[in-house]
Amino acid sequence: SKLKLKVKKEEEKIKEDDEIPPVKIQPELVPQIIPWHPPIDQELIDYISDVTRTVLPLPHPREQVVALAQFVAAKMGGLVAEDRLHEFSWELHVSELKYELQCNIVPVGRIKKGIFYHRALLYKALADRIGIGCSLTRGDYGRAWNEVKLYDDSVPAGTKAPPEIYIVDLMYQPGHLMKPASVEAERYQRI
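Because the structure is a prediction, the values reported are computed rather than measured.

1. Considering the pairing of strand β1 (residues 134–138)
- By the bridge criterion, 5 bridges tie β1 to strand β2 (residues 144–150) in an arrangement that is antiparallel. Directly across from Thr137, in β2, lies its bridge partner Trp145.
- Following β1, the chain reverses through 5 residues before pairing antiparallel with β2; Tyr141 in that reversal takes a positive phi of roughly 55°.

In structure tokens, the structure reads:
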């Protein structure tokens, strides 16, 4: 009888186990992966339209180079006096843009107070779009500059002379062209 009672209890336990609704195991929630896209740089798109309309039609490459430099400088805070460079507070402006965008990637067209490397990058982007050949060179301590090759207009027609290389000033005298080994170019390229 004890054995029957024990067997009966086990049968009831098994029955109870059968009556317990099965636990529904939920599949792990898979986070939605949203692809990241850089912000649209509408200002850069507008700049390209502007330089295509105003700089590209200029008749001589030298005029185009100078006009583009002046355009870039105007969009990035204007000319900066060399002895006042330390007062040109671009850091706060760029930090505010990063905070606003919640991203460390800032569209170059959004920068309204830029220094050497901001301006050189914008110059290169715009020059490429309108067919002005130039290089973008990165120096030390946030310095960058653009070099262009231009033919000397004073050489008589029909004479073959190689193009000369110039560094384009985008900071102190926007549009001023400097010979690479000159004292002014060295000052421009270094602190």
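Moving on from the model shown.
2. Let's talk about the environment of Glu186
- Mapped onto the elements of the fold, Glu186 is located in helix α6 (residues 183–189).
- In this structure, Glu186 is in contact with Pro180 and Ala181, ignoring residues within four places of it in sequence.

3. Let's talk about the packing of aromatic side chains
- Under the definition given, this model contains 5 aromatic pairs.
- Geometrically, the ring pair formed by Tyr47 and Phe71 is edge-to-face, given 5.7 Å between the ring centres and 90° between the ring planes. Taken together, the positions of Tyr47 in helix α2 (residues 42–54) and Phe71 in helix α3 (residues 61–75) put the pair 24 residues apart, joining distant regions of the chain. In this structure, Tyr47 and Phe71 share a single accessibility class: buried.
- For the ring pair Phe116 and Tyr188, a centre distance of 5.1 Å and an interplane angle of 70° mean the geometry is edge-to-face. Within this pair, whereas Phe116 is found in helix α5 (residues 116–130), its partner Tyr188 is found in helix α6, the two being separated by 72 residues in sequence.
- Using a relative accessible area of 3% as the deciding quantity, one classes Phe116 as buried.

4. A word on the pattern of salt bridges
- If you walk through the whole model with that rule in mind, you get 8 salt bridges.
- Glu82 is paired through a salt bridge with Arg187; the nearest N and O atoms lie 3.1 Å apart. In this pair, Glu82 sits in the loop between α3 and α4 (90–101) while Arg187 sits in helix α6, placing the two residues 105 residues apart along the sequence.
- You can call Arg187 partly exposed: its relative accessible area is 44%.
- Between Asp128 and Lys124 there is a salt bridge whose closest N-O contact spans 3.0 Å.

5. Some remarks on the sheet that holds β1
- The strand order across the open sheet formed by 4 strands is β1-β2-β3-β4, and the pairing between neighbours is antiparallel. Both edges of this open sheet fall to β1 and β4 (177–178), since each of them pairs with a single strand only.
- Packing against the sheet, α3 makes contact with β2, β3 (164–168) and β4, and its axis sits at approximately 165° to β2.

The rules we used
Once a new chain begins, its residue numbering starts again from 1 and follows that chain's sequence as written. In keeping with the predicted nature of the model, local features appear solely for residues at pLDDT of at least 70, side-chain atom pairs appear and are counted solely at 80 or more, and the whole-chain, interface and lining totals rest on all residues. Water and hydrogen atoms were dropped before computing side-chain values, which therefore reflect all heavy atoms in the structure. In this description, strands pair whenever DSSP reports at least two bridges between them. What counts as a helix is a DSSP run of H or I of at least four residues, what counts as a strand is a run of E of at least two, and both are numbered from the N terminus. Whether two residues are in contact is decided by their heavy atoms, any of which lying within 4.5 Å being enough. Ring pairs shown here join Phe, Tyr and Trp side chains whose ring centres sit within 6.5 Å, with only the six-membered ring taken for Trp; geometry is labelled stacked below 30 degrees between planes, edge-to-face above 60, and tilted in between. Working definition: with a 1.4 Å probe on protein chains only, accessible area under 20% of the residue-type maximum means buried, over 50% means exposed, and in between means partly exposed. The salt bridge definition used is simple: a Lys or Arg side-chain nitrogen within 4 Å of an Asp or Glu carboxyl oxygen. Here, axes are lines fitted to C-alpha atoms. For helices the fit covers the stretch in contact, and angles between N-to-C directions go from 0 to 180 degrees.

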